[in-house]
Amino acid sequence: ALHCSAVAALSPLLQHSATLRHLDLWDNCLRAAAAHTLAAALRAPHCALATLNLTRNAVGDDGAAHLAAALACNTSLRRLILHANAITDAGCRH
């Protein structure tokens, strides 16, 4: 399983890679802090990620809020998969 520190190490790659298009982080026990780090990478103008799979993590409502805010300025992400992440109705409103 990846930890938040591993996601932080991936962040610069996501911010600057024009070739990384799909990232599968399924079932890694990632929490809101990791979602916040991923959201920061998604805001980068050179992030080319088209699919981000976060199924079966624990990003929760706070993580969902960070990811939703990042989508406002991201033009490449087409598919964000958040199944089984302890996101409540409140988290879905972002």
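Rules of the game
- Residues numbered from 1 in each chain as written.
- Predicted model: local features only at pLDDT ≥ 70, side-chain atom pairs only at ≥ 80, totals over all residues.
- Heavy atoms only, no water.
- Helix = DSSP H or I, 4+ residues; strand = E, 2+ residues; numbered from the N terminus.
- Rg over C-alpha atoms; globule rule 2.2 N^0.38 Å.
- Buried < 20%, exposed > 50% of the residue type's maximum accessible area, 1.4 Å probe, protein only.
- Contact = heavy atoms within 4.5 Å.
- Areas by Shrake-Rupley, 256 points an atom, 1.4 Å probe, with all protein chains shown as cover.
- Lys, Arg positive; Asp, Glu negative; His and termini not counted.
- Charge placed at Lys NZ, Arg CZ, Asp CG, Glu CD.
- Salt bridge = Lys/Arg side-chain N within 4 Å of Asp/Glu carboxyl O.
- Core = buried A, V, L, I, M, F, W, Y, C linked by side-chain atoms within 4.5 Å.
- Axes fitted to C-alpha atoms, helices over the stretch in contact; angles between N-to-C directions.
- Parallel < 35°, antiparallel > 145°, perpendicular 65-115°, else oblique.
- Nonpolar A, V, L, I, M, F, W, Y, C, P; charged D, E, K, R; others polar.
- Pairing = 2+ DSSP bridges.
- Disulfide = S-S within 2.5 Å.

Enquirer: Let's hear about the overall build of the chain: which residues, and what values?
Expert: Within the chain, the regular secondary structure consists of four helices and three strands. In sequence order, the secondary structure elements of the chain are arranged as α-β-α-β-α-β-α. Over its C-alpha trace the chain gives a radius of gyration of 12 Å, about what one expects of a compact globule, namely 12 Å for 94 residues. With the principal axes as the frame, the chain shows a C-alpha extent of 35 × 30 × 15 Å. The buried share of the chain, reckoned over its 94 residues, is 40%. Intrachain contacts of the chain at a sequence separation of at least 6 include 87% that bridge at least 24 residues. As displayed, the chain has an accessible area near 5,100 Å², and 56% of this comes from carbon and sulfur atoms. The average position of the 7 basic charges and that of the 5 acidic charges among the side chains of the chain differ by 8 Å.

Enquirer: Describe the pattern of salt bridges, with residues and values.
Expert: The tally for this structure, following the rule as stated, stands at one salt bridge. Across the pair R56 and D27 runs a salt bridge, and its minimum N-O distance is 3.8 Å. In this pair, R56 is assigned in the loop between β2 (51-53) and α3 (60-71) and D27 in the loop between β1 (22-24) and α2 (32-43), connecting sequence segments 29 residues apart. Its relative accessible area of 45% is what places R56 among the partly exposed residues. We classify D27 as partly exposed; its relative accessible area is 32%.

Enquirer: Account for the nonpolar core, with residues named and values stated.
Expert: Membership of the largest hydrophobic core comes to 20 residues, with the highest contact counts inside it found for L25, L38, L42, L49, L52, L54 and L67. No other element matches the six residues that α2 contributes to this core. Among all residues touching L52, those that are not within four sequence positions of it are L23, L25, L38, L42, L77, R79, L80 and I81.

Enquirer: So what about the packing of helix α1 (residues 4-16) against α2? Which residues, and what values?
Expert: Running from amino to carboxyl end, α1 crosses α2 at an angle of 5 degrees, the nearest separation of the two axes being 9 Å. In this view, α1 runs roughly parallel relative to α2, as classed from their interaxial angle. Contacts between α1 and α2 involve C4, V7, A8, S11, L14 and Q15 from the former and A33, A34, T37, L38 and A41 from the latter. Its residues placed into classes, the contact of α1 with α2 shows eight nonpolar, three polar and no charged.

Enquirer: Outline the sheet that holds strand β3 (residues 79-81), listing residues and values.
Expert: A sheet is described by the order of its strands in space; here three strands give the open sequence β1-β2-β3, paired in parallel fashion. The open sheet has two free edges, formed respectively by β1 and β3, since each of these has just one partner strand. For this sheet, the mean inter-axis angle between neighbouring strands, taken without regard to orientation, is 0 degrees. Here three bridges tie β1 to β2, and the two strands are oriented parallel to one another. Among the inter-strand pairings, H22 is bridged to a residue of β2, identified as T51.

Enquirer: A description of the state of the cysteines should follow, citing residues and the corresponding values.
Expert: Counting across every chain of the model gives zero disulfides. No disulfide involves C4; its nearest neighbouring cysteine sulfur is the one of C29, lying 13 Å away.

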